[in-house]
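As a plain string of letters, each chain reads:
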Amino acid sequence: MAEDTGTASDQHGAEAAREPSWRAGRVALSAVDTDDAELLHGWRSDPVIAYEIGIWPRSVTAMRERIERDGDNDDRDDFLVLLPDGTPVGHTALSGQNIVNGTAEVELMLAPEHRGRGHGTHALDALVDLAFGELPLYRLTAETHTGNAPALAVLARSGFVREGTSRAACLHRGRRLDLAVFSLLRPEWEALNRPRAWDS
């Protein structure tokens, strides 16, 4: 599995010419396509990611089918997170978009070898800037289990406010986990003292 993930990363790293959908200072976002299925499958198969996100690995074929299905959904946008040299370091998404209510949920997953370097905060900031700067969204939400310290820290650094806890809302490896519920409103984003993606 690790060998497959490395091969996919090398192939994607060589695609420096891949056109980003959204550029920010330290990262760029590029729309996910079916050719990314093996890469995403490798990341999701990592036991730490599986625990932190509360997922179980599925086949590459299932991942490819999911990407194709999600590509047809108007309420979801999936992106690879790219470094300036084109290296993919993670996946992020705006899901459950409701343009009438102006709401969506954010998702973020980092490749195992690229954690702890600040990429998560930069990726989430870029996604938030896209949601509020280009889309008519007003409220973003995020959930993660209460033991996922890295995700809790990233959400806090990006300005998300913890609203509460959904008790025993996630089942993983036979254990019930509490989910921390976060949100970020457009006025709160506007008040953040940081450069926006388009300022870089």
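Up top is the structure these notes are about.
Cut-offs and rules
- Residues numbered from 1 in each chain as written.
- Predicted model: local features only at pLDDT ≥ 70, side-chain atom pairs only at ≥ 80, totals over all residues.
- Heavy atoms only, no water.
- Helix = DSSP H or I, 4+ residues; strand = E, 2+ residues; numbered from the N terminus.
- Buried < 20%, exposed > 50% of the residue type's maximum accessible area, 1.4 Å probe, protein only.
- Areas by Shrake-Rupley, 256 points an atom, 1.4 Å probe, with all protein chains shown as cover.
- Pairing = 2+ DSSP bridges.
- Patch = residues over 30% accessible without salt bridge, like charges linked within 9 Å, V, L, I, M, F, W, Y side chains within 5 Å.
- Salt bridge = Lys/Arg side-chain N within 4 Å of Asp/Glu carboxyl O.
- Lys, Arg positive; Asp, Glu negative; His and termini not counted.
- Charge placed at Lys NZ, Arg CZ, Asp CG, Glu CD.
- Axes fitted to C-alpha atoms, helices over the stretch in contact; angles between N-to-C directions.
- Left-handed = near helix turned anticlockwise from the far one by under 90°.
- Contact = heavy atoms within 4.5 Å.
- Core = buried A, V, L, I, M, F, W, Y, C linked by side-chain atoms within 4.5 Å.
- Phe/Tyr/Trp six-rings, centres within 6.5 Å; stacked < 30°, edge-to-face > 60°.
- Lys NZ or Arg CZ within 6 Å of the ring centre and 35° of its normal.

## Overview of the overall build of the protein
- Assigned secondary structure in the protein consists of seven helices and eight strands.
- Across the 200 residues of the protein, 46% fall into the buried class.
- Approximately 10,200 Å² of the protein is accessible, and the part contributed by carbon and sulfur atoms is 49%.

## Brief notes about the sheet that holds strand 4 (residues 88-98)
- Pairing is mixed across the open sheet formed by eight strands, whose spatial order is 1-2-3-4-5-6-8-7. The open sheet has two edge strands with one neighbour each: strand 1 (22-23) and strand 7 (161-172).
- Across eight bridges, the pairing between strand 7 and strand 8 (residues 175-185) is antiparallel. The residue of strand 8 that forms the bridge with Val-161 is Ser-183.

## Things to note about a negative patch on the surface
- A cluster of acidic side chains, namely Glu-65, Glu-68, Asp-72, Asp-74, Asp-75 and Asp-77, defines a negative patch on the protein surface.
- Tracing the backbone through its elements, the reader meets Glu-65 in helix 4 (residues 60-71).

## Here we look at the packing of helix 2 (residues 37-44) against helix 4
- It is the contact of helix 2 with helix 4, at a shortest axis distance of 9 Å, that shows an interaxial angle of 120°. By crossing handedness, the relation of helix 2 to helix 4 is classed as right-handed. Of helix 4, the residues touching helix 2 (which contributes Ala-37, Glu-38, Leu-40, His-41 and Arg-44) are Val-60, Met-63, Arg-64, Arg-66 and Ile-67.

## Side note on helix 2
- Counting buried residues along helix 2, seven of its eight residues qualify, which places the element largely inside the surrounding structure.
- Among the residues making up helix 2, those that are buried are Ala-37, Leu-39, Leu-40, His-41, Gly-42, Trp-43 and Arg-44.

## Points about the pairing of strand 2 (residues 28-31)
- Direction of pairing for strand 1 relative to strand 2: antiparallel, over a ladder of two bridges. By the bridge assignment for strand 2, Arg-23 is matched with Ala-28.
- One ladder, built from four bridges, connects strand 2 with strand 3 (residues 77-82); its direction is antiparallel. Bridge pairing links Ala-31 to Phe-79 in strand 3.

## Looking at the nonpolar core
- Counting residues in each nonpolar core, the largest one holds 31 residues, and the members touching the most others are Val-106, Val-128, Leu-140 and Phe-160.
- Per-element tally for this core: the top contributor is helix 5 (residues 119-133), with eight residues.
- Sequence-distant contacts of Leu-140, defined by excluding residues within four places in its chain, comprise Leu-94, Ala-104, Val-106, Val-128, Ala-131, Phe-132, Phe-160, Phe-182, Ser-183 and Leu-184.
- Counting 12 residues, the second-largest nonpolar core is a separate cluster that includes Ala-37, Leu-39, Ile-49 and Ile-67.

## Details of unusual backbone geometry
- Even without glycine at this site, Ala-168 takes up a positive phi of about 50°.
- Mapped onto the secondary structure, Ala-168 falls in strand 7.

## Thoughts on the packing of aromatic side chains
- Inspection of the entire model under this criterion finds three aromatic pairs.
- With 6.3 Å between their ring centres and 70° between their planes, Trp-189 and Trp-198 make a pair best called edge-to-face.
- Among the residues examined, Trp-198 registers a relative accessible area of 43% and is labelled partly exposed.
- Feature note: the residues Trp-22, Phe-132, Trp-189 and Trp-198 constitute an aromatic cluster, connected by ring pairs.
- Over the ring of Trp-189 we find Arg-196, and its NZ or CZ is 4.6 Å from the ring centre.

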